[in-house]
Amino acid sequence: MEGRTNSRRRDFLRSAAGGVSALSAAMLGPASGKTVGANERINIAVIGTGGMGTSHIRELMKRKEEVNDVQIVAVCDVYQRRLNHAAELSGGKPYRYYKEMFNQEDLDAIYIATPDHWHAAITIDGINRGLDVYVQKPMTHTVEEAKAVWKTAVKTGRIVQVGSQLTSEDQWWRAREAIDAGMIGELVWAQSSYARNTGDKGDWNGGINPLAGPNGVGENNIDWNEWLGPAPKRPWDPDRCFRFRKYWDYSGGLATDLFYHRLAPLNIALTPRFPWRAAGMGGIWVHHDSREVPDTFLMTIDYAAEYSIHISSSGANDVGLDDCIRGHKGTIYMRGDHIEVEGNGPYREEFKKKYGAEKVNIACQPRDGHTENFLKCMKTREQPHLDPYTGFKVQAALTMSTDSYRQSKILYFDEKKLKVTARPISLPSQKPGPNPV
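Thresholds applied
Residues numbered from 1 in each chain as written. Predicted model: local features only at pLDDT ≥ 70, side-chain atom pairs only at ≥ 80, totals over all residues. Heavy atoms only, no water. Helix = DSSP H or I, 4+ residues; strand = E, 2+ residues; numbered from the N terminus. Buried < 20%, exposed > 50% of the residue type's maximum accessible area, 1.4 Å probe, protein only. Contact = heavy atoms within 4.5 Å. Areas by Shrake-Rupley, 256 points an atom, 1.4 Å probe, with all protein chains shown as cover. Expected span 1.5 Å × (residues − 1). Axes fitted to C-alpha atoms, helices over the stretch in contact; angles between N-to-C directions. Parallel < 35°, antiparallel > 145°, perpendicular 65-115°, else oblique. Nonpolar A, V, L, I, M, F, W, Y, C, P; charged D, E, K, R; others polar. Pairing = 2+ DSSP bridges. Core = buried A, V, L, I, M, F, W, Y, C linked by side-chain atoms within 4.5 Å. Phe/Tyr/Trp six-rings, centres within 6.5 Å; stacked < 30°, edge-to-face > 60°. Lys NZ or Arg CZ within 6 Å of the ring centre and 35° of its normal.

Engineer: Any details on the overall build of the protein? Residues and values, ideally.
Structural biologist: On a plain count of helices and strands, the protein comes out with 13 helices and 17 strands. Expressed as a percentage of the 437 residues in the protein, the buried residues total 56%. Considering only intrachain contacts with a sequence separation of at least 6, the fraction spanning at least 24 residues in the protein is 70%. Accessible surface for the protein amounts to roughly 18600 Å². Of this, 48% is attributable to carbon and sulfur atoms.

So this is what it looks like as structure tokens:
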């Protein structure tokens, strides 16, 4: 990774966003530029080769064996041990710094699995170099970065897939069809959760190599300045490096690590929209270690289309909420291999008469997985399942909820200016709210 100061972070955001205005969802049509031929092998580089990056490498190597339409030609990491392992596993050329890797002429696409605070910079640099990008969730670390990624993708015509694999599960697309067909009436609210009990150890407290660091010798060397990159400069801290999701400088905690896997699919089902307002609550109730992010978090988002989404999570209890979508005439339950739709309240008889039963099961159909979808879109230039415009909308809601928690205030999204504000933004049918105190 290439280091930069916080002012450079602002500079790259301004540069990326410049020259593109009044963009809308309709502009995210077929991309243009460098295209991989239908029968060509796709040359891929993986940047960030920890747990998730290694999973991508194994998946791509398996695909190479079975389909032989991809090849890992480069790997990149600032931690020498991980880089050595990734190069041995994949056969790709190793690089410590991604911009040096971009000089390799045979690249078609990059997979980004770095800590969150690097996602935007590498994505924007990659698509400006003519590469298609698969970037792990969350798409970015901030709302402004998400906007910059989206605008740059539109401007350059590159394919960007955000790595939240559940959006490629067919149940969410079946739910969307059921909603569009009016099966549950007007949307009211949807719920989801991501609950797990990590015991006394606590979330994200994985192992630390005591020999690793900026003074580490050989494979134990980590270029700490490059790891920090656009984040605030701090002295070497192994906890921050190996357990970065515990700290606001690099992560949004539960919201951006886990909720992305819940809110992104719900956006597919409900039709992707920007949030109207968001609130986050919770706290560090159990795991009182060095973490800054809460171990229990609850998020509620209201949308201008007049429905709400609630998502809750804890790393201290694994009993969560059912995934369901409520309308004023019925409810959809997500069941994995099918969705279950039932009538509600005074509309039960109407539902039974129309659909022949009190509950209707709609089976899911085969659908390309997330990687398959990305690779196909590289060749067809169609937009993938989780394109950057949808990713921007999801990121806005998640980041607003974490900032709401940190600031103890409700936050709003100004869709005309595409920015977050603490000033109340009225719904189209409402009078403007009072000025904040």
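We are not done yet, so read on.
Engineer: With reference to specific residues and values, describe helix α2 (residues 51-66).
Structural biologist: Since the α-helix turns once every 3.6 residues, residues separated by three or four places project in the same direction. The terminal C-alpha atoms of α2 lie 23 Å apart, and with 16 residues this matches the ideal 22 Å at 1.5 Å per residue to within 8%. When we look at burial in α2, the residues that qualify are G53, T54, H56, I57, L60, M61 and R63. Residues of α2 that are buried in the fold lie against β1 (42-47), β2 (70-76), α3 (80-90), β4 (109-112), β5 (132-136) and α12 (370-380). Phi for N68, located one or two positions after α2, is positive at around 60°.

Engineer: I'd like to hear about the environment of C377, residue by residue, with values.
Structural biologist: Take C377: it is sitting in helix α12. Between the C-alpha atoms of C377 and T35, which are 342 residues apart in sequence, the distance is 9.9 Å. C377 has contacts with I159, E382, Q383 and P384, leaving out every residue within four places of it along the chain.

Engineer: Hey, could you go over the packing of helix α6 (residues 143-156) against helix α13 (residues 388-407) for me, with residue numbers and the actual values?
Structural biologist: For the pair α6 and α13, interaxial distance at closest approach is 9 Å and the crossing angle is 175°. Considered as vectors, α6 and α13 are oriented roughly antiparallel to each other. The segment α6 lies against α13, with V143, A146, K147, V149, W150 and A153 engaging P388, Y389, F392, Q395, A396 and T399. In the contact of α6 with α13, the residues fall into 9 nonpolar, 2 polar and 1 charged.

Engineer: A description of the sheet that holds β5 should follow, citing residues and the corresponding values.
Structural biologist: In space, the 6 strands of this open sheet follow the order β3-β2-β1-β4-β5-β6, with parallel pairing throughout. Both outer strands of the open sheet, β3 (93-95) and β6 (160-163), are each paired with one neighbouring strand and no more. If you compare each strand with its neighbour and ignore which way they point, the axes differ by 20° on average. As paired strands, β1 and β4 are joined by 4 bridges and run parallel to one another. Paired with I44 across the bridge in β4 is A109.

Engineer: Would you mind going over the nonpolar core in detail, with residue names and values included?
Structural biologist: Soluble globular proteins: nonpolar side chains tend toward being buried together. By size, the foremost hydrophobic cluster in this structure holds 82 residues, and its most contacted members are M101, I110, L263, I309, I325, I332 and F392. Among residues more than four places away in sequence, those in contact with M101 are A45, I47, A74, C76, Y95, L107 and I110. In this structure, I42, M61, Y134 and L375 belong to the second largest nonpolar core, which totals 21 residues.

Engineer: Which residues make up helix α7 (residues 170-180), and what values do they have?
Structural biologist: Within α7, 8 of the 11 residues are buried, which leaves it mostly tucked inside the rest of the structure. Listing the buried residues of α7 in full gives D170, Q171, W172, W173, R174, A175, A178 and I179.

Engineer: Talk me through unusual backbone geometry; I want residue IDs and the actual numbers.
Structural biologist: Omega for the bond connecting K137 with P138 falls within 30 degrees of zero, at -10°, which places this linkage in the cis form. Not every positive phi belongs to a glycine, and L418 is a case in point at roughly 55°. Mapping L418 onto the fold places it in the loop between β16 (411-414) and β17 (419-421).

Engineer: Lay out the pairing of strand β10 (residues 307-314) in plain terms, naming residues and giving numbers.
Structural biologist: Across the 8 residues of β10, 7 count as buried, placing the element largely inside the fold. Note: strand β7 (residues 187-197) against β10, 7 bridges, orientation parallel. By the bridge assignment, A190 is partnered in β10 with I309. As paired strands, strand β9 (residues 296-303) and β10 are joined by 8 bridges and run antiparallel to one another. If you follow F297 over to β10, its bridge partner there is S313. In this structure, the hairpin formed by β9 and β10 is closed by a connection of 3 residues, where E306 is found at a positive phi of approximately 70°.

Engineer: Give me the lowdown on the packing of aromatic side chains, citing residues and values where you can.
Structural biologist: Within this structure, the stated rule accounts for 21 aromatic pairs. Aromatic side chains W150 and Y389 sit 4.7 Å apart centroid to centroid with 35° between the ring planes, which places their arrangement in the tilted category. Taken together, the positions of W150 in helix α6 and Y389 in helix α13 put the pair 239 residues apart, joining distant regions of the chain. Owing to a relative accessible area of 0%, W150 belongs among the buried residues under this scheme. Three or more aromatic residues joined by ring pairs make a cluster, and in this case those are W150, F274, Y389, F392 and F413. Stacked on the ring of W189, the Lys or Arg R326 has its end atom at 3.8 Å from the ring centre. The ring of F274 carries K393 above its face, with NZ or CZ at 5.5 Å from the centroid.

Engineer: Tell me about the packing of α2 against α3, residues and numbers included.
Structural biologist: In the contact formed by α2 and α3, the axes pass within 10 Å of each other and the chain directions differ by 5°. As summarised for this structure, α2 and α3 are arranged roughly parallel, according to the angle between their axes. Of α3, the residues touching α2 (which contributes T54, I57, R58 and M61) are H85, A86, L89 and S90. Looking at the contact of α2 with α3 residue by residue, the class counts come to 4 nonpolar, 3 polar and 1 charged.

Engineer: Could you give an account of the pairing of strand β12 (residues 324-327), with specific residues and numbers?
Structural biologist: On a regular strand, one side chain projects to one face of the sheet and the next to the other, so that they alternate. Looking at chain direction, β7 and β12 are connected through 4 bridges and run antiparallel. Bridging from a neighbouring strand, Q191 pairs with C324 of β12. Judged from the 3 bridges that link them, β12 and strand β13 (residues 330-334) form a sheet pairing that is antiparallel. The residue of β13 that forms the bridge with C324 is Y333.

Worth remembering: the numbers are spatial, not functional.
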